Amino acid sequence: MAAAREHFGSRLGFILAAAGSAVGIGNLVAFPVAATKSGGGAFLLVYALFVLFICLPVMMAELALGRKTDKDPVGAYRQLSGGSRLWSLPGWLALITPFMIAVFYLVVTVWVLGYLIETLTGNLDMLATEAYFGQFINSPVVFVYLVVLMLAINGILALGVKDGIERAAKTLMPTLFVMLIGLATFVLMQENAILGVKYYLVPDFSKLNAEVVKNAMSQAFFSLSLGMGIMITYGSYMKRKDSIPGSAKVVALTDTLVAFSAGLLILPSIFHFNPQIDPTELSDSSAGMIFLFLPKIFLALQENIGYLGASIFAAVFFFLVLVAALTSLVSIIEVPVATLRDERGMERKKAIYVIAAVQLVLAIACAVSFGMVDWFTNFIHLAGSDKSFFDLVELIFYNTILPLNGLLVCLFVIYKWKKSNLDLELQEGDAGFMGSLSQKYVNFSLGSFIPLILLLIFINTVAINFFGYSFI
Ligand code: PHE
């Protein structure tokens, strides 16, 4: 007989675990850079509107799917569609997507761990040199860190929902908030910090164009961990007496506040380092920022606070990113774990071993695709350029399938499961929901313009990445 379903112990526990999932590398690095390059306050406004009007309803729908069925994504779609073959597709996609996103996210997190260790051992000056990153990602020590990281994540998962995921979130998330506030306060007190704040906050509406708007939408969607089966799985661990709409709002707000605060840390640091900088020249990729650009900025702090001070600052920053990435990885790997348990009746520990073994192999394939193994480095030729195995995984699962999954959630919930059932589930634990403005909005938006927007993003991404053509 299947064991009783595990649940989060408290509403706060769920909120911290879901916020732990949502707060990741995307918030701490990608968001501030995107905001800076795309019109500061103008981008922030567009982003906030997307979170509120598009992402929140999708998050509620995912949580409702999970809680209604008490199942993993595959089981949730199967149960609510009455076993339809067609509708099993989104369930499988909501399993494979997190599985594969976890693989490339693991590799980036391994690099963060490596940078943290180098900083702690006094090597910040080395990290700040141009050639270091290329050498580091191609050194065998990367595999050691990969194993250490996987042991930590799977160790948390092995303890279960309440004693593992929830407890880790309850310790790590408050630590993350404190470190973030501490670092931002320190940076804001430095010379020229105000220039960075201005660049970050003063709106420049002339920078808004179709591409910026699309990027803001994709960023918000990714940042809230949507389209990855995570919220379906975490929804299945929620108690029926807790409000889904209320909790989703707190999670979205926390995620957005963390992203916003990260901007108050990154931008002033950059301007303190170089008041003349033109932020539009900053690297687009989070990896470029974290591993190439920021170490130089941290090292420059030694003029004010000495080498030790600069190293401590950098170490706290890398630790912050590591914690954010770790709690995201825990949530994303829990999706396949839940699926093996629910669908195959496997024990938690056994499911973890099976998944970790396959992920280790795939993560190694990603890690060696930066030059170590030529076959993985030049894995495929697509839309006019060579792509590595790492690039391909990121392209397919993170860039392309994510919006498709979101689209399928909306279509499924409204047209197959039906609005009235969604309403009933959202009403549980939230007596005031029925008849409220939120209810009307969620119903209307999920059945109309939200899937339309996600469809357009999906089509455009496929056109750009696979055919080298963009509509916007
Ligand atoms: N929200 C995460 C981020 O911003 C996205 C993510 C979630 C990535 C879970 C991996 C795993 O980085």
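Residues numbered from 1 in each chain as written. Predicted model: local features only at pLDDT ≥ 70, side-chain atom pairs only at ≥ 80, totals over all residues. Heavy atoms only, no water.

Along its length, the chain carries 20 helices and two strands. Taken over the C-alpha atoms alone, the chain extends approximately 65 × 45 × 45 Å along its principal axes. For the chain, the residues scored as buried account for 59% of the 472 residues in total. Intrachain contacts of the chain at a sequence separation of at least 6 include 81% that bridge at least 24 residues. Total accessible area on the chain stands at roughly 18300 Å², and carbon and sulfur atoms take up 67% of it. (Helix = DSSP H or I, 4+ residues; strand = E, 2+ residues; numbered from the N terminus. Buried < 20%, exposed > 50% of the residue type's maximum accessible area, 1.4 Å probe, protein only. Contact = heavy atoms within 4.5 Å. Areas by Shrake-Rupley, 256 points an atom, 1.4 Å probe, with all protein chains shown as cover.)

A word on the packing of aromatic side chains. In this structure the tally under the stated criterion is 39 aromatic pairs. With centroids separated by 5.0 Å and ring planes inclined at 5°, the aromatic side chains of F133 and F291 adopt a geometry described as stacked. Pair noted here: F133 is in helix α7 (residues 132-137) and F291 is in helix α14 (residues 286-300), with a separation of 158 residues, a long-range link. (Phe/Tyr/Trp six-rings, centres within 6.5 Å; stacked < 30°, edge-to-face > 60°.)

Let us look at the pattern of salt bridges. Evaluated as defined, the whole model comprises 12 salt bridges. Close ionic contact of E130 with K296 constitutes a salt bridge, the shortest N to O distance being 3.2 Å. Here the residue E130 occupies a position in the loop between α6 (124-127) and α7, and K296 occupies one in helix α14, the gap between them amounting to 166 residues. Residue E130 is classed as exposed on the basis of its relative accessible area of 56%. For K296, a relative accessible area of 28% gives the class partly exposed. Members of the salt-bridge network, linked through shared partners, are E6, E334, R341 and R348. (Salt bridge = Lys/Arg side-chain N within 4 Å of Asp/Glu carboxyl O.)

In this section: the side chain of Q219. Mapped onto the secondary structure, Q219 falls in helix α11 (residues 210-223). A residue is classified by how much of its surface remains accessible, and Q219, at 9% relative accessible area, is buried. Non-local contacts of Q219, meaning those with residues more than four positions away in its chain, are made with G26, A30, F31 and Y47.

Our next topic: the layout of surface pockets. A volume near 1500 Å³ is recorded for the largest pocket. Contributing to the lining of the largest pocket are 46 residues, with D284, S285, E394, Y398 and N399 lying nearest its centre. Broken down by secondary-structure element, the contributors of at least two residues to the lining of the largest pocket are α2 (25-37), α5 (88-120), α11, α14, α18 (389-427) and α20 (449-467). For the lining of the largest pocket, the leading source of residues is α11, giving nine residues. (1 Å grid on protein atoms, 1.4 Å probe; cavity = no way out; pocket = protein on both sides within 12 Å on 5 of 7 lines; lining within 4 Å. Points joined across faces, edges and corners; volume = space filled by probe spheres on them.)

This part covers the site of the ligand. Around the ligand, 15 residues are found, and the nearest of them are A22, G26, N27, Y105 and S223. A distance of 3.1 Å is found between an oxygen atom of the ligand and a side-chain nitrogen or oxygen belonging to N27. Within the backbone of S223, an N or O atom sits 2.9 Å from a nitrogen atom of the ligand. When the ligand sits alone it has 320 Å² of accessible area, and the protein chains cover 100% of it. Structurally, the ligand is housed in the largest cavity. When residues of the shell around the ligand are traced back to their parent elements, those giving at least two are α1 (11-22), α2, α11 and α15 (302-344). When its residues are assigned to classes, the shell around the ligand shows seven nonpolar, eight polar and no charged. (Near = heavy atom within 4 Å. Polar contact = N/O pair within 3.5 Å; in protein donor to acceptor, adjacent residues only side chain to side chain. Sits in = over half its atoms within 2 Å of the grid points. Nonpolar A, V, L, I, M, F, W, Y, C, P; charged D, E, K, R; others polar.)

Let's shift gears to the packing of helix α3 (residues 41-69) against helix α13 (residues 244-273). One way to put it is that α3 packs onto α13 with a least axis distance of 9 Å and a crossing angle of 140°. As the angle between them shows, α3 and α13 are arranged oblique. Crossing hand, α3 versus α13: right-handed. Of the residues in α13, those in contact with L44, Y47, V51, L56, M59, M60, L63, A64 and R67 of α3 are I244, P245, A248, K249, V251, A252, D255, T256 and F260. Considering only residue class, the contact of α3 with α13 consists of 14 nonpolar, one polar and three charged. (Axes fitted to C-alpha atoms, helices over the stretch in contact; angles between N-to-C directions. Parallel < 35°, antiparallel > 145°, perpendicular 65-115°, else oblique. Left-handed = near helix turned anticlockwise from the far one by under 90°.)

Here we come to empty space enclosed by the protein. Evaluated as defined, the whole model comprises three cavities of 30 Å³ or more. The wall of the largest cavity is formed by 18 residues, among which S21, Y105, F222, M228 and S328 lie closest to the centre. Elements represented by at least two residues in the lining of the largest cavity include exactly α1, α2, α5, α11 and α15. Looking at the lining of the largest cavity element by element, the count peaks at four residues for α15. Its residues placed into classes, the lining of the largest cavity shows 10 nonpolar, eight polar and no charged.

Glancing now at unusual backbone geometry. A positive phi is found at D70, a non-glycine position, where the angle reads about 60°. Following the sequence through the fold, D70 ends up in the loop between α3 and α4 (73-80). Its identity as a non-glycine residue notwithstanding, K418 has a phi of 90°, on the positive side. Of note, K418 is situated in helix α18.

Turning to its location among the elements, T400 is positioned in helix α18. Excluding residues within four positions of it along the chain, T400 makes contact with L395, F458, T461, V462, N465 and F466.

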